[in-house]
Amino acid sequence: MSAGPSGAFSAEAIEAGRKLFAAPCEFFFAAARSDGLPPVGAPEIAFAGRSNVGKSSLINALTGRSALARVSHTPGRTQQLNFFHLGDRLDLVDMPGYGYAAVAKAKSAAWGVLARDYLRGRPSLMRVFVLVDGRHGIKDSDEATMTALDAAAVSYAVVLTKRDEVKVAERNARVEATLEALRKRPAAYPETLFTSARTGEGVADLRAHIAELLRERGRGAP
Ligand code: GDP
């Protein structure tokens, strides 16, 4: 994974990512309590981020579908973990948004318990993608999430969003500040990607990164 728009991945990796995300993607489970998680199945990746970071938009851009966002934004489902099959090789988990002032404190606490329990005890979870708004960089609530991930020893990578909203001259500084913040964090992947769901920049790279992750786990395409 690299901060660059494209070119850090081989043509083969980009193609593996494209193929992986061309598979049908369907919602199959919503978990509201830690004792109500689906049985462990395919390898999982999870997406987390502050409310409004662009999580639904990015998941939709990755999968090329709009059903995911609709499900996750359904009232009552926004505080749940929403599980999706991507073909039969990978499951995607959309975690509840955090850190939004309008979310009642009690709800944030519930998010904490559900998310922490899931993160601690999920052997199929390969990596969490912590989405960070590229216009603002890492905020306190993102730091809190990363601290929880470090404590749970869950591998995670930061993905910057809304690249199209950030001036070209500011992008490098945003990436550098992000990498600097990750340097001291034991479970953080040491690189980042700057994506835009609106223009599609970085999306093929993120797919390639995920396909490589699967391949490393010995579950890649033959
Ligand atoms: P979520 O709450 O994290 O799921 O965020 P959404 O995907 O619903 O997006 C929140 C807002 O940010 C919406 O108004 C989106 O249109 C906007 N947004 C999401 N991704 C992008 C992006 O890549 N570029 C721009 N300019 N806006 C985006």
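Reference entry: report on the structure contained in this document. (Residues numbered from 1 in each chain as written. Predicted model: local features only at pLDDT ≥ 70, side-chain atom pairs only at ≥ 80, totals over all residues. Heavy atoms only, no water.)

Here's the deal with the packing of helix α1 (residues 11-22) against helix α7 (residues 203-216)
Any two packed helices are characterised by how steeply their axes cross, that is the angle between the axes, and by the distance between the axes. Relative to each other, α1 and α7 sit at 90 degrees, their axes nearing to 7 Å. As the angle between them shows, α1 and α7 are arranged roughly perpendicular. Between α1, through Ala13, Ile14, Ala16, Gly17, Arg18, Leu20 and Phe21, and α7, the contact on the second element is made entirely by Ala204, Asp205, Arg207, Ala208, Ile210, Ala211, Glu212 and Leu214. Residue classes in the contact of α1 with α7 are distributed as ten nonpolar, one polar and four charged. (Axes fitted to C-alpha atoms, helices over the stretch in contact; angles between N-to-C directions. Helix = DSSP H or I, 4+ residues; strand = E, 2+ residues; numbered from the N terminus. Parallel < 35°, antiparallel > 145°, perpendicular 65-115°, else oblique. Contact = heavy atoms within 4.5 Å. Nonpolar A, V, L, I, M, F, W, Y, C, P; charged D, E, K, R; others polar.)

So, the pattern of salt bridges
For the coordinates displayed, the defined rule picks out eleven salt bridges. We note a salt bridge from Lys167 to Glu170, for which the minimum N-O separation is 3.9 Å. Taking relative accessible area as the criterion, Lys167 reaches 58% and is therefore assigned exposed. Of the residues examined, Glu170 reaches a relative accessible area of 36% and is grouped as partly exposed. (Salt bridge = Lys/Arg side-chain N within 4 Å of Asp/Glu carboxyl O. Buried < 20%, exposed > 50% of the residue type's maximum accessible area, 1.4 Å probe, protein only.)

A look at the sheet that holds strand β4 (residues 90-94)
One open sheet holds the seven strands; their spatial order is β1-β3-β4-β2-β5-β6-β7, and the pairing between them is mixed. Across the chains shown, the open sheet's two edge strands, defined by having one partner strand only, are β1 (25-31) and β7 (193-194). As paired strands, β1 and strand β3 (residues 81-86) are joined by six bridges and run antiparallel to one another. Across the sheet, Ala31 pairs through a bridge with Leu81, a residue of β3. Seen against the sheet, helix α2 (residues 55-63) touches β1, β2 (44-49), β4, β5 (125-133) and β6 (156-161) and runs at an angle of roughly 145 degrees to β2. Strands in contact with helix α5 (residues 140-152) are β5 and β6; relative to β5, the strand with the most contacts, it is inclined by about 165 degrees. (Pairing = 2+ DSSP bridges.)

Quick look at the site of the ligand
The environment of the ligand is made up of 13 residues, and the closest members are Lys55, Ser56, Ser57, Asp164 and Ala197. Between the ligand and Ser57 there is a distance of 2.6 Å, counted from an oxygen atom to a side-chain nitrogen or oxygen. Contacts to the ligand include Ser196, whose side-chain N or O atom sits 3.4 Å from an oxygen atom. Within the complex, the protein chains bury 77% of what would otherwise be the 580 Å² of accessible surface of the ligand. (Near = heavy atom within 4 Å. Polar contact = N/O pair within 3.5 Å; in protein donor to acceptor, adjacent residues only side chain to side chain. Areas by Shrake-Rupley, 256 points an atom, 1.4 Å probe, with all protein chains shown as cover.)

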